[in-house]
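Listed below, chain by chain, are the residues.
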Amino acid sequence: LSQWEIYRIRALALEGQKQWSSAADVWIAALKTIHDPMTKALVYRHLSDFPDYRDMGENPWDMLFHSGNRQGYSKIDFLESSLCHDPKDRDTHITLIRLHEKKNSKDARVAVDRAVKGFPEDRDILEAAMDAAFVAKTFKKAAAFAERILSVNPIHQRARRVLVESHLAHARKKVGEK
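Residues numbered from 1 in each chain as written. Predicted model: local features only at pLDDT ≥ 70, side-chain atom pairs only at ≥ 80, totals over all residues. Heavy atoms only, no water.

Section: empty space enclosed by the protein
Space left empty within the atom packing is revealed by a probe, the size of a water molecule, rolled over the atoms. Per the counting criterion, the structure on display carries 2 cavities of 30 Å³ or more. In this structure, the largest cavity occupies an estimated 70 Å³ of space. Contributing to the lining of the largest cavity are Ala 108, Arg 109, Val 112, Asp 113, Ala 129, Ala 132, Ala 133, Ala 136, Thr 138, Lys 141 and Phe 145. If you list the elements that add at least two residues to the lining of the largest cavity, you get helix H7 (106-118), helix H8 (123-135) and helix H9 (139-152). (1 Å grid on protein atoms, 1.4 Å probe; cavity = no way out; pocket = protein on both sides within 12 Å on 5 of 7 lines; lining within 4 Å. Points joined across faces, edges and corners; volume = space filled by probe spheres on them. Helix = DSSP H or I, 4+ residues; strand = E, 2+ residues; numbered from the N terminus.)

Below, the structure is given as structure tokens:
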């Protein structure tokens, strides 16, 4: 068996025993043995589905002990790494937008811009971008995404609502500034 296959078998065995931190460490070691970008992307996506340390049990000492081996990786980190190796995976882009949207951070804008640049006409990407912009209170941007969706699908009800709400919210914001 190749080194990759040995690591893979070991990691899957650890997953079967629900030893997520150890399995993650083995998968990360396995990544160093492969050169195919698609396989690396798939491993990173697989790692992103691992339960967080908070899911490991009720005992807080157990959770603290196990969380130390994750090396600070998060679902977002794994998905970002996946996109480095497979930038054309639209579902990963959408998932990242949704995850960043909850934080309302600069990373959300970066994820939106990257996804829209890679998939300028994809309705699901545009919807996620519209929602993220609205949540971030960047109403002009939300309206622009809504207009792009409506140019492709003029009867898209949610895009119509967001377009109207964005214009109203932007107007309220401008009136409030004066």
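Structure's up, so let's keep going.
Some details on the packing of H7 against H8
Closest axis-to-axis distance for the H7/H8 pair is 10 Å, and the angle between their directions is 155 degrees. Classified by the angle between their axes, H7 and H8 sit roughly antiparallel to one another. For H7 against H8, the interelement crossing comes out left-handed. Contacts between H7 and H8 involve Val 112, Ala 115 and Val 116 from the former and Ile 125, Leu 126, Ala 129 and Ala 132 from the latter. Of the residues in the contact of H7 with H8, the class split is 7 nonpolar, no polar and no charged. (Axes fitted to C-alpha atoms, helices over the stretch in contact; angles between N-to-C directions. Parallel < 35°, antiparallel > 145°, perpendicular 65-115°, else oblique. Left-handed = near helix turned anticlockwise from the far one by under 90°. Contact = heavy atoms within 4.5 Å. Nonpolar A, V, L, I, M, F, W, Y, C, P; charged D, E, K, R; others polar.)

Digging into the environment of Arg 158
For Arg 158, the position within the fold is in helix H10 (residues 157-177). A relative accessible area of 28% means that Arg 158 is categorised as partly exposed. Sequence spacing of Arg 158 and Glu 127 is 31 residues, and the spatial spacing of their C-alpha atoms is 9.0 Å. Apart from residues no more than four positions distant in its own chain, Arg 158 is found in contact with Glu 127, Met 130 and Asp 131. Reaching out from Arg 158, the side chain makes a polar contact with the side chain of Glu 127 at a distance of 3.3 Å. (Buried < 20%, exposed > 50% of the residue type's maximum accessible area, 1.4 Å probe, protein only. Polar contact = N/O pair within 3.5 Å; in protein donor to acceptor, adjacent residues only side chain to side chain.)

Quick word on unusual backbone geometry
Here Lys 18, not a glycine, exhibits a phi torsion of approximately 60 degrees, which is positive. Structurally, Lys 18 can be placed in the loop between helix H1 (3-16) and helix H2 (20-31). Using a relative accessible area of 59% as the deciding quantity, one classes Lys 18 as exposed. Phi at Lys 137 is positive, roughly 65 degrees, even though this residue is not glycine. Structurally, Lys 137 can be placed in the loop between H8 and H9. Since its relative accessible area comes to 55%, Lys 137 is described here as exposed.

A word on H7
In this model, H7 (13 residues) spans 19 Å end to end at C-alpha, consistent with the 18 Å of a helix rising 1.5 Å per residue. Every buried residue belonging to H7 is among Ala 108, Ala 111, Val 112, Ala 115 and Val 116, and all of these are buried. Here the buried residues of H7 occupy an arc of 125 degrees about the axis, which is enough to place them on one side. In H7, the exposed positions that point more than 90 degrees away from the buried face belong to Lys 106 and Lys 117. (Expected span 1.5 Å × (residues − 1). Arc of directions from axis to C-beta.)

Focus: the side chain of Glu 15
Its location among the elements puts Glu 15 in helix H1. Apart from the residues within four sequence positions on either side, Glu 15 is in contact with Trp 20, Ala 23, Trp 27, His 46 and Phe 50.

So, the packing of aromatic side chains
Going through the model one piece at a time under the given rule, you end up with 4 aromatic pairs. Directly above the aromatic system of Phe 119 lies the positively charged group of Lys 88, at a separation of 5.8 Å from the ring centroid. (Phe/Tyr/Trp six-rings, centres within 6.5 Å; stacked < 30°, edge-to-face > 60°. Lys NZ or Arg CZ within 6 Å of the ring centre and 35° of its normal.)

Focus: the pattern of salt bridges
According to the stated counting rule, one finds 13 salt bridges in the structure shown. The closest approach of N and O atoms between Arg 45 and Asp 86, which form a salt bridge, is 2.6 Å. Of the two residues, Arg 45 sits in helix H3 (residues 37-48) while Asp 86 sits in the loop between helix H5 (75-85) and helix H6 (90-103), which places them 41 residues apart along the sequence. Measuring nitrogen to oxygen at the nearest pair gives 2.9 Å for the salt bridge that ties Glu 80 to Arg 114. (Salt bridge = Lys/Arg side-chain N within 4 Å of Asp/Glu carboxyl O.)

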